[in-house]
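# Fold and geometry: a report
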Amino acid sequence: MNIIVAVDQNWGIGKDNKLLVSIPADMKYFRETTTGNVVVMGRKTLESFPNGLPLKKRTNIVLTRNENYQAKDAVIVHSEKELLEELKKYPSENVYVIGGASVYEQLLPYCDVAHVTKIDYAYEADTHFPNLDEMPQWRVAASSEEQTYFDLEYQFVRYERVK
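Because the structure is predicted, anything quoted here is derived from the model rather than measured. (Residues numbered from 1 in each chain as written. Predicted model: local features only at pLDDT ≥ 70, side-chain atom pairs only at ≥ 80, totals over all residues. Heavy atoms only, no water.)

### Focus on the environment of Pro24
Here Pro24 shows up in helix H1 (residues 24-34). For the pair formed by Pro24 and Tyr149, sequence separation is 125 residues and the distance between their alpha carbons is 8.3 Å. (Helix = DSSP H or I, 4+ residues; strand = E, 2+ residues; numbered from the N terminus.)

Right, dumping it as structure tokens:
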């Protein structure tokens, strides 16, 4: 299973249920990487999308404790156990965990690859992703050249779980 996330210098990922910054190349990378695959998210992440609608051309799975929650064109699961059972229907390498923070934390132990856009700036954030650089079970497998969007520098880093 994969995780895909954009983080700032402090591994911050969001504030007030919004991304810290929107970088067109990062959005394009996200779209190209996840299209045709399975995306797993929490309810608040789904609700943060335009009109609260699932992402097109992907199988959207929403993990929520709310037993009555419904979303058009999305598979709703209510526990980690139910989610893992649902995910057996798909090849693991086609599954991308896309947030938010609690879903990332819950599913990180099941992931072998993390696609991290590292933004060289510290934002005011209220949600964070675990710092993979401080975790011995993760290593950098690849990273892009540093890129720039206006005066913001960032790079795409692929982490892999140490086997």
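### Notes on the pairing of strand E8 (residues 113-119)
For E8, the buried fraction is high: 6 of the 7 residues fall into the buried class. In terms of strand pairing, E8 meets strand E12 (residues 152-161) through 7 bridges, oriented antiparallel. Bridge pairing links Thr117 to Phe156 in E12. (Buried < 20%, exposed > 50% of the residue type's maximum accessible area, 1.4 Å probe, protein only. Pairing = 2+ DSSP bridges.)

### Structural notes on the side chain of Glu86
Following the sequence through the fold, Glu86 ends up in helix H3 (residues 80-87). In this structure Glu86 comes out as buried when scored by relative accessible area, which is 12%. Looking at Glu86, its side chain comes within polar contact range of the side chain of Tyr90, at 3.4 Å. If near-sequence neighbours (up to four positions away) are discounted, Glu86 is found in contact with Ile61, Val75 and Val77. (Polar contact = N/O pair within 3.5 Å; in protein donor to acceptor, adjacent residues only side chain to side chain. Contact = heavy atoms within 4.5 Å.)

### Things to note about unusual backbone geometry
The peptide bond linking Gly99 to Gly100 adopts the cis configuration, its omega dihedral lying at 0 degrees. Topologically, Gly100 is positioned in the loop between strand E7 (95-99) and helix H4 (101-107). Positive phi is not limited to glycine here, since Asn17 has a value of about 60 degrees. Within the secondary structure layout, Asn17 lies in the loop between strand E2 (12-15) and strand E3 (18-19). Residues other than glycine seldom take positive phi values, yet Lys57 does so here, at roughly 60 degrees. Locating Lys57 in the fold gives a position in the loop between helix H2 (43-48) and strand E5 (59-63).

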